[in-house]
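Working through the structure, step by step
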Amino acid sequence: MPSYLVTGSKGQLGQCFHSIQDEFPQYQLLFTSKSEVDINKSNSLSNYFKKNPFNGIINCAAYTKVEHAKTDVKEASKINIDGVRTLIQFAEAKNIKLIHFSTDFVFDGLKKGEYLEEDKTNPLSIYGQTKREGEVFLDNSCCLNITFRISWLFSPFGDNFVKNIIKRCQSQTILKVVKDQFGKPTYGIDLARLVLTFLGHPNLFKYNLYHFAQGPKTSWFDFAKRIIELTELSCELEPIITSAYASDVKRPFNSALKTRRIENNLSLNIRTWESALEDCIKKIQLNENF
């Protein structure tokens with residue numbers, strides 16, 4: 001039975017993989033904490049591999065604190081750049097596969113249409129810069145690898161926009177949400193299911209970079225509006241422009257990802273984010289009282 005090491009298993013995406021592991025009995029998923037496997041230490045990887053050999057790595061470890069990355073450059077670089085480089089070196093030495101995840105923040109948001117995989121990158125933030133450098137290392141590596149660029153990740157787990165809107169709506173009567181930033185949400189459970197479904201597909205590694213996000217293109221304001229509608233929580237939304245939002249971090253105004261490559265190559269029909277959001281909120285309601 002093929003086995004895959006899942007790094008960052010306690011993070012949002014790692015928990016998504018954990019939640020659906022029973023759907024894929026053909027794979028053994030090895031969920032590890034940082035104390036068991038530190039992606040910045042090659043000897044940590046080697047020691048774990050000796051006891052639990054695996055055929056590939058699904059790297060869910062990432063520094064994702066966009067706001068904090070500006071002042072925490074060292075830590076962001078350590079995980080998003082140095083950690084990826086260590087994983088690459090290990091994967092090359094062991095001749096194993098490496099699955100990685102990147103972000104829409106590698107783009108500057110100036111394109112009018114949706115971004116293709118081959119479009120020029122120009123990250124505006126430290127977070128985006130560190131994720132882009134990780135992509136470059138993977139692109140130049142010799143191991144069999146795939147990077148999935150995703151955007152606006154949400155799920156029933158961890159800290160994300162959907163859960164934050166719900167929590168804020170429980171304690172505030174008016175929420176201010178940005179209306180002039182546009183993109184496509186990505187449901188973490190759908191992403192994890194996609195990876196495990198097609199892991200053995202003969203065409204999967206035809207490309208080493210895919211975009212995965214769920215249409216239609218929307219704004220943060222309209223995303224929040226739908227969350228409130230589905231939860232039936234009573235709070236008022238106030239649309240604001242980016243300049244009115246207190247943040248020192250530059251964000252792309254348009255980061256909608258074109259998913260034609262993955263759809264065509266895998267004959268994939270990606271469901272809408274509205275449908276995925278309904279599933280997500282049902283799962284949140286089963287575990288949290290609101």
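Keep in mind the model is a prediction, meaning the values are calculated, not measured. (Residues numbered from 1 in each chain as written. Predicted model: local features only at pLDDT ≥ 70, side-chain atom pairs only at ≥ 80, totals over all residues. Heavy atoms only, no water.)

Turning to the overall build of the protein chain, a few remarks are in order. Within the protein chain, the secondary structure is distributed over ten helices and twelve strands. Rg of the C-alpha trace for the protein chain: 19 Å, near the compact-globule value of 19 Å for 290 residues, within the 12% margin. Dimensions along the principal axes, computed over C-alpha positions, put the protein chain at roughly 55 × 40 × 40 Å. Here the protein chain, with 290 residues, has 52% of them falling under the buried criterion. Here the analysis covers contacts within the protein chain between residues at least 6 apart in sequence; of these, 82% occur between residues at least 24 apart. When the accessible surface of the protein chain is split by element, carbon and sulfur atoms take 47% of a total near 13,800 Å². Within the protein chain, the 32 negative side-chain charges are centred at a point lying 4 Å from the centre of the 37 positive side-chain charges. (Helix = DSSP H or I, 4+ residues; strand = E, 2+ residues; numbered from the N terminus. Rg over C-alpha atoms; globule rule 2.2 N^0.38 Å. Buried < 20%, exposed > 50% of the residue type's maximum accessible area, 1.4 Å probe, protein only. Contact = heavy atoms within 4.5 Å. Areas by Shrake-Rupley, 256 points an atom, 1.4 Å probe, with all protein chains shown as cover. Lys, Arg positive; Asp, Glu negative; His and termini not counted. Charge placed at Lys NZ, Arg CZ, Asp CG, Glu CD.)

Another point: the pattern of salt bridges. Tallied over the entire structure, the rule returns 13 salt bridges. In this structure, D190 and R193 form a salt bridge, with 3.8 Å as the shortest nitrogen-oxygen distance. Here R193 and D190 lie together in helix α7 (residues 188-198), a separation of three residues that amounts to about one turn. Residue classification places D190 among the buried residues on the basis of a relative accessible area of 10%. Notably, a salt bridge pairs R271 with D190, separated by 2.8 Å at the nearest N-O pair. Linking R271 in the loop between α9 (260-266) and α10 (273-287) with D190 in helix α7, this pair joins segments that are 81 residues apart in sequence. Through salt bridges that share partners, E23, D190, R193, R271 and D279 make up one connected network. (Salt bridge = Lys/Arg side-chain N within 4 Å of Asp/Glu carboxyl O.)

Right, let's get into the packing of helix α1 (residues 12-19) against α7. Look at α1 against α7: their axes get within 8 Å of each other, and the N-to-C directions meet at 60°. The orientation of α1 relative to α7 falls into the category oblique. Of the two possible hands of crossing, α1 and α7 adopt the one that is right-handed. Between α1 and α7, the contacting residues are L13, C16, F17 and S19 on the first element and G188, I189, L191, A192, V195 and L196 on the second. By residue class, the composition of the contact of α1 with α7 is eight nonpolar, two polar and no charged. (Axes fitted to C-alpha atoms, helices over the stretch in contact; angles between N-to-C directions. Parallel < 35°, antiparallel > 145°, perpendicular 65-115°, else oblique. Left-handed = near helix turned anticlockwise from the far one by under 90°. Nonpolar A, V, L, I, M, F, W, Y, C, P; charged D, E, K, R; others polar.)

Taken together, the buried positions of α1 are Q12, L13, G14, C16 and F17. At its buried positions, α1 is contacted by β2 (28-31), β3 (56-59), β4 (97-103), β6 (153-154) and α7.

What follows is about the sheet that holds strand β10 (residues 209-211). Pairing is parallel across the open sheet formed by six strands, whose spatial order is β2-β1-β3-β4-β5-β10. Sheet topology places β2 and β10 at the edges, where each strand pairs with a single neighbour. Mean inter-strand twist for the sheet, computed between neighbouring axes without regard to direction, equals 20°. As judged from the three bridges shared by β3 and β4, these two strands associate in the parallel manner. Bridge pairing in β4 links I57 to L98. (Pairing = 2+ DSSP bridges.)

For the rest of this paragraph, the subject is the packing of aromatic side chains. Tallied over the entire structure, the rule returns 19 aromatic pairs. Plain terms: the ring middles of Y48 and F54 are 6.5 Å apart, the flat faces sit at 40° to each other, and that makes the pair tilted. With a centroid separation of 5.9 Å and 25° between ring planes, the pair formed by F101 and F148 is classed as stacked. Here F148 lies in strand β5 (residues 145-150) and F101 lies in strand β4, a separation of 47 residues in the sequence. For the pair formed by F101 and F148, the shared burial category is buried. The structure contains a cluster of three or more aromatic residues connected by ring pairs, namely W152, F154, F161, Y187, W220, F223 and W273. (Phe/Tyr/Trp six-rings, centres within 6.5 Å; stacked < 30°, edge-to-face > 60°.)

For S151, the position within the fold is in the loop between β5 and β6. In this structure S151 comes out as buried when scored by relative accessible area, which is 2%. Residues within four places of S151 in sequence aside, it is in contact with D104, K184, P185, T186, F212, A213 and L257.

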